[in-house]
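Structural overview
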Amino acid sequence: MKKIIKQLVEAYGPSGHEEQVRALIKKEIRALADEIRTDTLGNLIAFKKGNGKGRRIMLSAHMDEIGVIVSYIDNKGFLRINPIGGGQPLYEVTGRVRFADGTTGVIGMEKQDDQSKIPVIDKLFVDVGATGRKDCPVKVGDAACFDRQMVETGGNLIAKSMDDRIGCAVLIGVMKALKNSPHDIYFVFSVQEEVGLRGATTSAFGILPELGIAVDVTACPDTPEAPHKMAVELGKGPAIKIKDAGMLAAPKIKDWMIETAERRRIPYQLEVLPFGATDARAMQTTQSGVLSGCLSIPCRYVHSTSETVSYSDVQNAVKLLTAMLVK
Ligand code: CO
Ligand code: ZN
């Protein structure tokens, strides 16, 4: 599983530009679904047919990642950027960005008179080695992801875009592990989550499932003097979402997760996240409403280039979802 995780997290795919990630996943799941299609917005939807006795279930993990988009190129060839999703300039300075064609740039920062201030994106620029507008290899409107390779430390995997390629990897893992299920299952690899759950909104509307489950990362404030208190730690199992700023999980879905984890002795944690939202919100509020919940992978340093997850949490998430869906 680590091989596909590495490929996924190192792929280029800021919101609205998910094609490289989609191609990777498509190749990986080709033999695992009864039907695979890409919808108008670019969501990849894989359908696995049940035996007619189950429910209609949608699982969703988003393919897109945070990034930046070029808004202006100055006459010395330096780029100015707008954010795609909620990046944090503090983590970005002197980091690198990568465009779709592989062009790499360094993120620099203007002088800042008050050194105690956190940098803002308007003070950042990207240096792609151009000397002017003419020889600049990128154009206004081109999007870039942050650039970093995956590494393994202890039992942890560290990379950019664990949010939410790790969710995509979990869905792929479930597709591989789930030989038979009574349920009609739609595995949705969604687009544009980071800019407002847009892909899940339209795919949920089109599929209209009875039950919806998102797989995404959640905060893991178990580091020194973390900014908020949550009962979630790295390596203690996937987190069953109870609440975030966008959704109260349906008690039925939450209990289904807890009961399955208890029965199968899979470690789990309970997540009450004071901010954030996932594709589960879009599923829950589609049409006349869908029972929805979310299984989360605890992740330190979310929305940085060193998003850190525990490999055992990832494996346990696959186990738990597979155990839920097998009957
Ligand atoms: Co995110
Ligand atoms: Zn996410």
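Turning to the coordination of the cobalt ion (ligand 1), a few remarks are in order. With distances of 1.8 to 2.6 Å, the protein atoms coordinating the cobalt ion (ligand 1) are Asp-163 (OD), Glu-194 (OE), Glu-194 (OE) and His-303 (NE2). Each of the 4 donor atoms bound to the cobalt ion (ligand 1) contributes to angles spanning 55 to 144°, and the resulting shape is irregular. Mapped onto the sequence, the residues coordinating the cobalt ion (ligand 1) show the spacing D-x30-E-x108-H. Between the cobalt ion (ligand 1) and the zinc ion (ligand 2) the interatomic distance amounts to 3.3 Å, and Asp-163 serves as a bridging ligand to the pair. Here Asp-163 is found in helix 4 (residues 162–177), whereas its partner Glu-194 is found in the loop between strand 12 (184–190) and helix 5 (198–207), with 31 residues between them in sequence. Asp-163 gets classed as buried once you look at its relative accessible area, which sits at 6%. We classify Glu-194 as buried; its relative accessible area is 13%.

Two aromatic rings are characterised by how far apart their centres lie and by the angle between their planes. In the structure shown here, the tally under the stated rule is 2 aromatic pairs. An angle of 75° between the planes, with centres 5.3 Å apart, marks the rings of Phe-78 and Phe-125 as edge-to-face. Of this pair, Phe-78 sits in strand 5 (residues 78–84) while Phe-125 is found in strand 8 (residues 124–127), placing the two residues 47 residues apart along the sequence. With a relative accessible area of 27%, Phe-78 lands in the partly exposed category. Lying over the aromatic face of Tyr-311, Lys-2 brings its terminal NZ or CZ to 4.7 Å of the ring centre.

Let us look at the domain arrangement of the chain. Interfaces are frequently sized by the accessible area removed from exposure as the parts join. Taken domain by domain, the chain consists of domain 1 (2–65 + 160–325) and domain 2 (67–146). If you average the C-alpha positions of domain 1 and of domain 2, the two centres end up 30 Å apart. On the domain 2 side, the residues contacting the 14 residues of domain 1 number 13 residues. When the two sides are added together, the surface that domain 1 and domain 2 hide from each other amounts to roughly 1,100 Å², 59% of it contributed by carbon and sulfur. On the domain 1 side of the interface with domain 2, the three residues burying the most area are Tyr-12, Pro-14 and His-303, jointly 40% of the side's total. Taken together, the links from domain 1 to domain 2 amount to 0 salt bridges. For the interface between domain 1 and domain 2, the tally reads 6 residue pairs in polar contact (both at pLDDT 80 or more). Considered class by class, the residues forming the side of domain 1 that touches domain 2 number 4 nonpolar, 6 polar and 4 charged.

Reading the values: the criteria
Residues numbered from 1 in each chain as written. Chains lettered and ligands numbered in written order. Predicted model: local features only at pLDDT ≥ 70, side-chain atom pairs only at ≥ 80, totals over all residues. Heavy atoms only, no water. Donors = N, O, S within 2.8 Å, 3.2 Å for Na, K, Ca; no water. Tetrahedral: all angles 85-135°; square planar, octahedral: opposite > 155°, others 65-115°. Helix = DSSP H or I, 4+ residues; strand = E, 2+ residues; numbered from the N terminus. Buried < 20%, exposed > 50% of the residue type's maximum accessible area, 1.4 Å probe, protein only. Phe/Tyr/Trp six-rings, centres within 6.5 Å; stacked < 30°, edge-to-face > 60°. Lys NZ or Arg CZ within 6 Å of the ring centre and 35° of its normal. Domains from an automatic or database assignment. Contact = heavy atoms within 4.5 Å. Buried area = accessible area lost by both parts, 1.4 Å probe. Salt bridge = Lys/Arg side-chain N within 4 Å of Asp/Glu carboxyl O. Polar contact = N/O pair within 3.5 Å; in protein donor to acceptor, adjacent residues only side chain to side chain. Nonpolar A, V, L, I, M, F, W, Y, C, P; charged D, E, K, R; others polar.

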